[in-house]
Amino acid sequence: VQLVESGGGLVQAGGSLRLSCTVSGSLFSSYGMGWFRQAHGKEREFVAAITWSGGRTSYADSVKGRFTISRDNAKNTVYLQMNSLKPEDTAVYYCAADFRRTPVVVTTVSEYDYWGQGTQVTVSS
């Protein structure tokens, strides 16, 4: 299984970006998916997650109301729409896949099975 993120870049504060994560294979619709980020010198932290069905989502308090996670199972892709970006959102953003087909949203790093290589998001003030 391979996860490939795209869509990162440099944006001014208040701007928007949409990250994409495309997953190889035919079982994407069975995976819970999550987005995490890691700023320089800090631990990787939860950003957003969505269940395999797309019926439930969860967000970190720091991004709630600004970020939206969604998925398109026909395209094997999960998205993270990021609006009203702030300098503190600057980080490498990673997508991750959880193979357990659980009905609950998974928010911890250790529960994810596969990870992408990350995409850099830089927000200038």
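Preceding block: the structure.
Predicted, not measured: the structure shown is a model, and the values here were computed from it.

As for the overall build of the protein chain
The secondary structure content of the protein chain amounts to zero helices and eleven strands. Along its sequence from the N terminus, the protein chain presents helices and strands in the succession β-β-β-β-β-β-β-β-β-β-β. A compact globule built from 125 residues would reach a C-alpha radius of gyration of about 14 Å, and the protein chain, at 13 Å, matches this within 12%. Each of the 125 residues in the protein chain was classed as buried or not, and the buried ones make up 43%.

Digging into the state of the cysteines
Taken as a whole, this structure holds one disulfide when the rule is applied. The disulfide partner of Cys-21 is Cys-95, and the gap between their sulfur atoms is 1.9 Å. When the S-S torsion is 50°, as for the bridge of Cys-21 with Cys-95, the disulfide is right-handed. A residue pair is termed long-range when its members are at least 10 positions apart, and Cys-21 in strand β3 (residues 17-23) and Cys-95 in strand β9 (residues 91-98) qualify at 74 residues. With respect to burial, Cys-21 and Cys-95 carry one shared label: buried.

What to know about the side chain of Asp-98
The topology assignment puts Asp-98 in strand β9. On the basis of relative accessibility, which here comes to 1%, the residue Asp-98 falls in the buried class. Only 2.9 Å separates the side chain of Asp-98 from the side chain of Arg-100, close enough to count as a polar contact. Not counting residues within four places of it along the chain, the set of residues in contact with Asp-98 comprises Ser-30, Tyr-31, Gly-32, Val-106, Glu-111, Tyr-112 and Asp-113.

As for the packing of aromatic side chains
Applying the stated rule across the entire model yields six aromatic pairs. On the numbers, 5.8 Å between centres and 70° between planes, the contact of Phe-36 with Phe-46 is edge-to-face. With a gap of ten residues between them, Phe-36 in strand β4 (residues 32-38) and Phe-46 in strand β5 (residues 45-50) connect regions that are remote in the sequence. Accessibility assignment for this pair places Phe-36 and Phe-46 in one class, buried. Aromatic ring contacts, followed pair by pair, group Phe-36, Phe-46, Tyr-112 and Trp-115 into a single cluster. Looking at Arg-44, its charged tip hangs above the ring of Trp-115, at a distance of 4.9 Å from the centre. Taking the ring centre of Trp-52 as reference, the NZ or CZ of Arg-101 above it sits at 3.8 Å.

Reading the values: the criteria
Residues numbered from 1 in each chain as written. Predicted model: local features only at pLDDT ≥ 70, side-chain atom pairs only at ≥ 80, totals over all residues. Heavy atoms only, no water. Helix = DSSP H or I, 4+ residues; strand = E, 2+ residues; numbered from the N terminus. Rg over C-alpha atoms; globule rule 2.2 N^0.38 Å. Buried < 20%, exposed > 50% of the residue type's maximum accessible area, 1.4 Å probe, protein only. Disulfide = S-S within 2.5 Å. Polar contact = N/O pair within 3.5 Å; in protein donor to acceptor, adjacent residues only side chain to side chain. Contact = heavy atoms within 4.5 Å. Phe/Tyr/Trp six-rings, centres within 6.5 Å; stacked < 30°, edge-to-face > 60°. Lys NZ or Arg CZ within 6 Å of the ring centre and 35° of its normal.

These figures capture arrangement, not role.
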